[in-house]
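# Observations on chain architecture
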Amino acid sequence: MADDLVVRASGLCKYFGDRLVVDGVDLEVPQGRIYGVLGPNGAGKTTTLRMLLGILEPDRGSRTIFGHANPRAVGDRIGYLPEERGLYPAMKCREAIAFMGALRGLDWKEGRARAGDLLEAAGLGHAVDDKIRKLSKGMAQLVQLLGSIVHRPDLIVLDEPFSGLDPVNQERLEALIRAEQERGATIVFSTHVMAHAERLCDRLAIIAGGRRRFEGTVDDARAKLPMHALYTPRVAGNGLAALLPADAVPAGDGFRFLLPADGIEPVLERVMKGGHGIAGLSIERPSLHDAFVRIVGRDNMGDVE
Ligand SMILES: Nc1ncnc2c1ncn2[C@@H]1O[C@H](COP(=O)(O)OP(=O)(O)OP(=O)(O)O)[C@@H](O)[C@H]1O
């Protein structure tokens, strides 16, 4: 690919009735990366993903997938886990996965073989011959996800893939997403759970109220917030506060303050000279959650975790 971008979307807009729910969203997803689309409930994530995939047509703006203006032309190179979950309840897991592969052009026998391997790798080897109706909701969701990747797509789009999974299955899903990236796939997933995004994403976009509020790496997002230092003296006492930055506030047995622009060292020199010693010192990096709150604003947080 000439420019190494699998997805290139520019100025995507979508109205439902007279309500503008996606308002000029740009997205550029580099090949081979894990890309997060983050935002609170109702932010416009699903609508954006649906426009990328050609399930919905944008009212304004344009997008290309693998350089094609019509995403359906490259449908067999795409794997998609929609927000609505659903498999045929009477099918066995192996067949359900092979069936989804067949819909994307995968040979049935090959699909069955891959389904067995995928189920095994996802820790669901025991369920190959179980009917879907026997599975828990979370397990069925994983099976559906395996069905969406069994044809080894180059682009995988997952809409809230972690929702409804218990912590063990969330970890399995993280491992699976990483394994797909190692295989060479590009992954786009939406979430309102910051922890997954923090661990997985090479880049991310934060959407709120239909608008893109941020684009960059997790570290770029964190850099939107200042770092804090937490210092605990060995010997407290008079005069210590005067040696610390003006914004220092008591925290536990010590003090918390913004990391000064010239670093922590000058502060440490002063407190050492003053005979206060160091019983504890930590530099707090803002989390993606903190950055999200700053970028989106508390009023727009919804139920972001
Ligand atoms: N088919 C539709 N008709 C009318 N309004 C819709 C339709 N689909 C979505 N909306 C509205 O558009 C807005 C964006 O919805 P969307 O599902 O894209 O958000 P989201 O970020 O994916 O939210 P969630 O995390 O809750 O799934 C919401 O206010 C939603 O109610």
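Refer to the structure presented above.
What counts, and at which threshold
Along each chain, residue indices are assigned from 1 in the same order as the chain's sequence is written. Predicted model: local features are reported for residues with pLDDT of at least 70 only, side-chain atom pairs are reported and counted for 80 or more only, and whole-chain, interface and lining totals are derived from all residues. For each residue, a C-beta atom is positioned from the backbone; the residue is called near a molecule or strand if that atom sits within 6 Å of it. Only DSSP runs of H or I reaching four residues or more are called helices, and only runs of E reaching two or more are called strands; each is numbered from the N terminus. Each residue gets one of three labels, nonpolar for Ala, Val, Leu, Ile, Met, Phe, Trp, Tyr, Cys and Pro, charged for Asp, Glu, Lys and Arg, and polar for the others, Gly among them. Two strands are counted as paired when DSSP detects at least two bridges linking them. An axis is simply a line fitted to the C-alpha atoms; with a helix, the fit covers only the stretch in contact. Between two such axes, the angle follows the N-to-C directions and lies from 0 to 180 degrees. By our criterion, buried Ala, Val, Leu, Ile, Met, Phe, Trp, Tyr and Cys residues that link up through C-beta atoms within 7 Å make up a nonpolar core. Counting other C-beta atoms within 10 Å of a residue's own tells you its class, since 20 or more makes it buried, 12 or fewer makes it exposed, and anything in between is partly exposed; those C-beta atoms are placed from the backbone. Two residues qualify as a contact pair if the distance between their C-beta atoms, derived from the backbone, is within 7 Å. Every helix has an expected span of 1.5 Å times one less than the residues it contains. As used here, the arc belongs to the directions running from the helix axis to the C-beta atoms.

## Let's talk about the site of the ligand
Inspection of the region around the ligand gives Phe16, Val21, Gly39, Asn41, Gly42, Ala43, Gly44, Lys45, Thr46, Thr47, Glu83 and His192 as its neighbouring residues. The leading source of residues in the shell around the ligand is helix H1 (residues 45-53), at three residues. Of the residues that constitute the shell around the ligand, the class distribution is three nonpolar, seven polar and two charged.

## Let's talk about the sheet that holds strand E13 (residues 280-284)
Sheet architecture is open: four strands sit in the order E11-E12-E10-E13, paired in antiparallel fashion. Each edge of the sheet is formed by a strand with only one pairing partner; in this case those strands are strand E11 (249-251) and E13. Each neighbouring strand pair of the sheet contributes to a mean axis angle of 25 degrees, computed without reference to strand direction.

## Quick notes on the nonpolar core
One finds Ile97, Val143, Leu146, Val157, Ile187 and Leu204 to be the most contacted residues of the largest nonpolar core, which totals 69 residues. In terms of residue count, helix H4 (residues 137-149) provides more of this core than any other element does, seven residues in total. Once residues within four sequence positions are removed from consideration, Leu204 is found in contact with Tyr35, Gly36, Leu38, Ala197, Val218 and Ala221. In terms of nonpolar packing, the next biggest core, distinct from the first, is built from six residues, Ala229, Tyr231, Leu244 and Phe255 among them.

## A look at the environment of Gly274
Mapping Gly274 onto the fold places it in the loop between helix H9 (265-273) and E13. On the basis of neighbour count, Gly274 is assigned to the partly exposed category, with 16 C-beta atoms found within 10 Å. On a C-alpha basis, the gap between Gly274 and Val235 in space is 9.7 Å, while along the polypeptide they are 39 residues apart. Gly274 has contacts with Gly239, Leu240 and Leu243, leaving out every residue within four places of it along the chain.

## Examining the sheet that holds strand E6 (residues 155-159)
Read from one edge to the other, the open sheet built from six strands follows the order E5-E6-E7-E3-E8-E9, with strand pairing classed as mixed. Edge strands, defined here as strands with exactly one partner in the open sheet, are strand E5 (78-81) and strand E9 (211-216). Recorded for the sheet is a direction-independent mean angle of 15 degrees between the axes of neighbouring strands. Pairing of E6 with strand E7 (residues 186-191) involves five bridges; the strand directions are parallel. By the bridge assignment, Val157 is partnered in E7 with Val188. Lying over the sheet, helix H5 (residues 167-183) contacts strand E3 (34-38), E6 and E7, oriented at roughly 155 degrees with respect to E7. Running at roughly 40 degrees to strand E8 (residues 203-208), helix H10 (residues 288-296) makes contact with E3, E8 and E9 of the sheet.

## Looking at H5
The end-to-end C-alpha distance of H5 is 24 Å, a good match for the 24 Å that 17 residues give at a rise of 1.5 Å each. By the burial criterion, the buried members of H5 are Leu173, Leu176 and Ile177. Projected onto a plane normal to the axis of H5, the buried residues spread over an arc of 100 degrees and lie on a single side. Away from the buried face of H5 by more than 90 degrees, exposed residues Pro167, Val168 and Glu182 are located. Looking at the buried positions of H5, the neighbouring elements they touch are E3, H4, E7 and helix H6 (194-200).

## A look at unusual backbone geometry
Although it is not a glycine, Phe66 sits at a positive phi angle of roughly 50 degrees. Relative to the elements of secondary structure, Phe66 occurs in the loop between strand E4 (60-65) and E5. Take Phe66: there are 18 C-beta atoms within 10 Å of it, and that puts it in the partly exposed class. A positive phi angle, close to 45 degrees, is found at Glu160, a residue other than glycine. The topology assignment puts Glu160 in the loop between E6 and H5.

## Some thoughts on helix H3 (residues 108-121)
Taking 1.5 Å of rise per residue, 14 residues should cover 20 Å, and H3 covers 20 Å from first to last C-alpha, within 8% of that figure. Among all positions in H3, only Gly111, Arg114, Ala115, Leu118 and Leu119 are buried. One face of H3 carries all of its buried residues, which in axial projection span an arc of 135 degrees. Residues of H3 that are exposed and point more than 90 degrees away from the buried face comprise Lys109, Asp117 and Glu120. Contact partners of the buried residues in H3: helix H2 (93-103) and H4. Of the residues trailing H3, Gly123 is marked for its positive phi of about 80 degrees.

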